[in-house]
Number of protein chains: 2
Amino acid sequence: MKKLKNILLTNDDGIGAKGLRALEEMLRPFGKITVVAPKEAQSGMSSAVTITHPLRLFEHSQEERLIRYICTGTPVDCVKIAMNQLFTNNPPDLLASGINHGANTSSALLYSGTLGAAAEGVLYNIPSIGFSLATPHNPDADFSASIYFGRKIVEQYLLHPPISPVFISVNLPDIHLEQIRGIRLGRQGKGAWIKEFDKRIDPHGYPYYWLTGAYRNDEPDAMDTDQNLVDHDYVSVVPHQLDTTHYAEMERLRKIWNFA
Amino acid sequence: MKKLKNILLTNDDGIGAKGLRALEEMLRPFGKITVVAPKEAQSGMSSAVTITHPLRLFEHSQEERLIRYICTGTPVDCVKIAMNQLFTNNPPDLLASGINHGANTSSALLYSGTLGAAAEGVLYNIPSIGFSLATPHNPDADFSASIYFGRKIVEQYLLHPPISPVFISVNLPDIHLEQIRGIRLGRQGKGAWIKEFDKRIDPHGYPYYWLTGAYRNDEPDAMDTDQNLVDHDYVSVVPHQLDTTHYAEMERLRKIWNFA
């Protein structure tokens with residue numbers, strides 16, 4: 001196993017999440033761990049940053065070769081404050097985010113704080129991986145298979161790192177280790193949420209709206225999407241880039257749009 | 001000028017922003033306007049969604065062929081609640097977001113609520129455009145050139161719409177109309193923020209951290225990036241996709257990573 005000097009961990013379920021303990025366990029054999037995690041749960045925070053009020057950074061706890069900090073902001077704030085206050089001269093060799101209590105496949109990538117933190121790592125040129133367990137947000141989910149397969153992926157990552165500026169998104173099916181059929185490189189699937197609000201009436205007669213919804217899979221038959229790999233008991237691994245320019249459309253529109 | 005039935009507007013600076021008034025003025029000649037804007041300023045909210053508490057939706061004001069609502073959530077929440085509560089059977093013909101008080105070029109795309117709302121429109125298959133004025137967050141910025149050039153872009157968009165699922169990001173230089181050198185199709189530039197925190201000590205002796213920073217342009221000589229186009233007095237127009245899979249890296253890693 002390749003040894004690293006410093007590993008930075010964060011998540012979006014907050015410092016107390018079981019998935020963060022599992023991520024620590026997954027990565028402790030690889031090197032010294034620094035955790036900078038949100039004080040509060042930050043699900044659905046995407047790449048949000050905190051602009052209107054200042055942040056605080058507190059030491060939380062220490063164990064052998066493991067130190068934990070709490071940041072009062074978002075997952076991306078956690079990465080930024082770690083890089084600017086704790087790793088000013090010695091960037092970490094790996095940034096890992098998660099393990100999220102819930103899948104981050106398909107268009108969930110847009111909303112995911114777990115993957116927002118991993119994307120942020122790319123801006124600092126740190127190898128960055130986000131881990132998500134496809135459990136329906138069970139706080140007591142079983143992460144033992146995630147730890148086993150996560151280590152296999154990190155080992156391959158360190159042996160043969162990506163050559164492009166990407167972060168890796170790993171989605172793990174919520175089943176027992178022996179039921180998992182393997183690890184597959186895949187792509188981001190297409191889909192969206194429908195019927196997104198549960199409208200209720202408050203005791204004073206006024207409506208309020210809970211965000212909820214059902215997932216509509218727009219590629220139910222494609223066997224190489226993150227969503228379908230996880231649905232079929234595979235661990236899905238997708239490399240993601242930050243540049244979202246649609247180059248073909250750019251060239252096309254450049255030829256036909258006339259601004260004279 | 002092509003006429004539309006329904007146009008949905010939102011922004012991330014909140015219902016009271018001057019940039020939202022400018023967007024209304026830009027688009028009123030094209031059709032009936034429905035505004036669903038955040039109650040509070042939501043800068044830096046990216047594609048964040050509100051999960052831990054419910055949303056409220058209020059009617060704010062009406063004018064001829066213009067109705068405004070306030071939503072208590074993020075820009076993406078505004079789009080979602082508009083689509084699920086106001087446009088259930090008749091999707092809008094255009095979604096426009098902005099005009100943001102501040103540029104949304106390069107890696108700012110990650111954090112932008114303005115573009116988070118435009119990206120969300122793609123999930124509903126609505127033609128979606130985000131507008132941003134490269135002003136240093138001046139609340140009283142001059143949007144007159146933005147209105148002029150924005151209309152030109154919308155006209156071309158409606159004449160020759162993109163054929164791919166993209167949203168368009170428009171960044172406008174903060175100069176007078178006659179100083180603007182034209183409109184250019186470009187790509188998302190590479191860069192990141194550095195020195196991101198202003199550390200201060202509170203009256204009780206404890207540190208706190210304001211997010212701030214300077215932009216580091218990693219492609220200062222590329223004349224086709226959003227950042228450099230705006231810096232050189234052009235209006236930058238970039239089509240963006242939601243799929244961030246790095247396909248070449250996926251194929252490469254599929255061949256060399258060995259999970260046996």
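Provided above is the structure to which this section pertains.
Along each chain, numbering runs from 1 in the same order as the chain's sequence is written. Note on labels: chains are lettered from A, ligands numbered from 1, in written order. For a predicted model such as this one, the threshold for reporting local features is a pLDDT of at least 70, and the threshold for listing and counting side-chain atom pairs is 80 or more; totals across whole chains, interfaces and linings nevertheless cover every residue. Computation of side-chain values: all heavy atoms of the structure, hydrogens and water removed.

This part covers empty space enclosed by the protein. Grid spacing is 1 Å over the protein atoms alone, the probe is 1.4 Å, and a cavity is where that probe fits but cannot get out, while a pocket is an open set with protein on both sides within 12 Å along at least five of seven lines and lining residues have an atom within 4 Å of a point. Grid points are joined across faces, edges and corners, and a volume is the space filled by probe spheres set on the points. Using the criterion set out here, one finds one cavity of 30 Å³ or more in the structure. Of the volumes computed, that of the largest cavity is approximately 380 Å³. Leu110(A), Thr244(A), Leu109(B), Leu110(B) and Thr244(B) are the residues nearest the centre of the largest cavity, which is lined by 24 residues in total. Numbered from the N terminus, helices here are DSSP runs of H or I no shorter than four residues, and strands are runs of E no shorter than two. Those elements that provide at least two residues to the lining of the largest cavity are helix H3 (108–111) and helix H4 (113–123) of chain A together with helix H3 (108–111) and helix H4 (113–123) of chain B. Amino acid classes used here: Ala, Val, Leu, Ile, Met, Phe, Trp, Tyr, Cys and Pro are nonpolar; Asp, Glu, Lys and Arg are charged; the rest, including Gly, are polar. When its residues are assigned to classes, the lining of the largest cavity shows twelve nonpolar, twelve polar and no charged.

Residue and element names in this part refer to chain B. Cysteine sulfur atoms that come within 2.5 Å of each other are treated as a disulfide pair. For the structure shown, the criterion picks out zero disulfides over all chains. Looking at Cys71, it has no disulfide partner, and the nearest cysteine sulfur is the one in Cys78, 4.2 Å off. Here the term buried applies to any residue with accessible area under 20% of the maximum for its type, exposed to any over 50%, and partly exposed to those in between, with areas from a 1.4 Å probe on protein chains only. Residue class for Cys78 comes out buried when judged on its relative accessible area of 1%.

Turning our attention to the relation of the copies chain A and chain B. Superposition record for chain A on chain B: RMSD 0.0 Å, screw rotation 180°, translation along axis 0.0 Å. The superposition of one copy onto the other is thereby described by a two-fold rotation axis. Least squares is used to superpose the copies, and the fit set is the C-alpha atoms of residues whose pLDDT is at least 70 in both copies.

This part covers the packing of aromatic side chains. Residue and element names in this part refer to chain A. Any two of the Phe, Tyr and Trp rings considered here, Trp counted by its six-membered ring, make a pair once their centres fall within 6.5 Å; the pair's planes then place it as stacked at under 30 degrees, edge-to-face at over 60, or tilted in between. With the rule as written, the count across this model stands at twelve aromatic pairs over all chains. Both rings, one in Trp257 and one in Phe259, keep their centres 6.1 Å apart while their planes meet at 80°; by these two values the pair is edge-to-face. Like Trp257, the residue Phe259 is buried in the burial classification. An aromatic cluster of at least three residues, connected via ring pairs, comprises Tyr111, Trp193 and Tyr215.

All names here are of chain A. Any two strands with at least two DSSP-identified bridges between them are counted as paired. Spatially, nine strands are ordered E3-E4-E2-E1-E5-E6-E7-E13-E8 in an open sheet, and the strand pairing comes out mixed. The open sheet is flanked by strand E3 (57–63) and strand E8 (182–185), the only strands paired with a single partner. The sheet shows a mean angle of 20° between the axes of neighbouring strands, direction not considered. Pairing between strand E5 (residues 94–101) and strand E6 (residues 128–134): five bridges, direction parallel. The residue of E6 that forms the bridge with Ser97 is Gly130. Strands strand E1 (4–10), E5, E6 and strand E7 (166–173) of the sheet are contacted by H4, whose axis makes an angle of about 170° with E6. For this analysis, residues touch if any pair of their heavy atoms sits within 4.5 Å. Working convention: axes come from line fits to C-alpha atoms, limited for helices to the stretch in contact. Angles between N-to-C directions cover 0 to 180 degrees. Helix H5 (residues 144–159) rests against E1, E5, E6, E7, E8 and strand E13 (234–241) of the sheet, and its axis sits at about 155° to E6.

Before going further, it helps to examine the interface of chain A and chain B. In many reports, interface size means the accessible area that the parts give up when they come together. Between chain A and chain B, the residue contacts involve 81 residues of the former and 81 residues of the latter. A pairing counts as a salt bridge when a side-chain nitrogen of Lys or Arg comes within 4 Å of a carboxyl oxygen of Asp or Glu. For the pair chain A and chain B, the interface holds four salt bridges. Linking Asp202(A) and Arg56(B) is a salt bridge whose minimum nitrogen-to-oxygen distance equals 2.9 Å. Identification of polar contacts relies on pairs of N or O atoms within 3.5 Å, with a donor-acceptor requirement for protein atoms, meaning one able to donate a hydrogen and the other able to accept it, and with residues adjacent in sequence counted only if both atoms are side-chain atoms. For the pair chain A and chain B, the number of links is 45 residue pairs in polar contact (both at pLDDT 80 or more). At seven residues, helix H7 (residues 247–256) of chain A tops the list of elements feeding residues into the side of chain A that touches chain B. Of the residues assigned to the side of chain A that touches chain B, the class counts are 43 nonpolar, 22 polar and 16 charged.

In this section: the side chain of Ser128(B). Mapped onto the fold, Ser128(B) is located in strand E6 (residues 128–134). Judged by its relative accessible area of 0%, Ser128(B) is buried.

What follows is about the pattern of salt bridges. Counted by the stated rule, this structure contains 28 salt bridges over all chains. The salt bridge partner of Arg200(A) is Asp198(A), with a shortest N-O separation of 2.9 Å. Between Arg68(B) and Glu63(B) there is a salt bridge, with the nearest N and O atoms lying 2.9 Å from each other. Looking at Glu63(B), the relative accessible area reads 39%, which means it is partly exposed.

Purely spatial values, then, with no claim about function.
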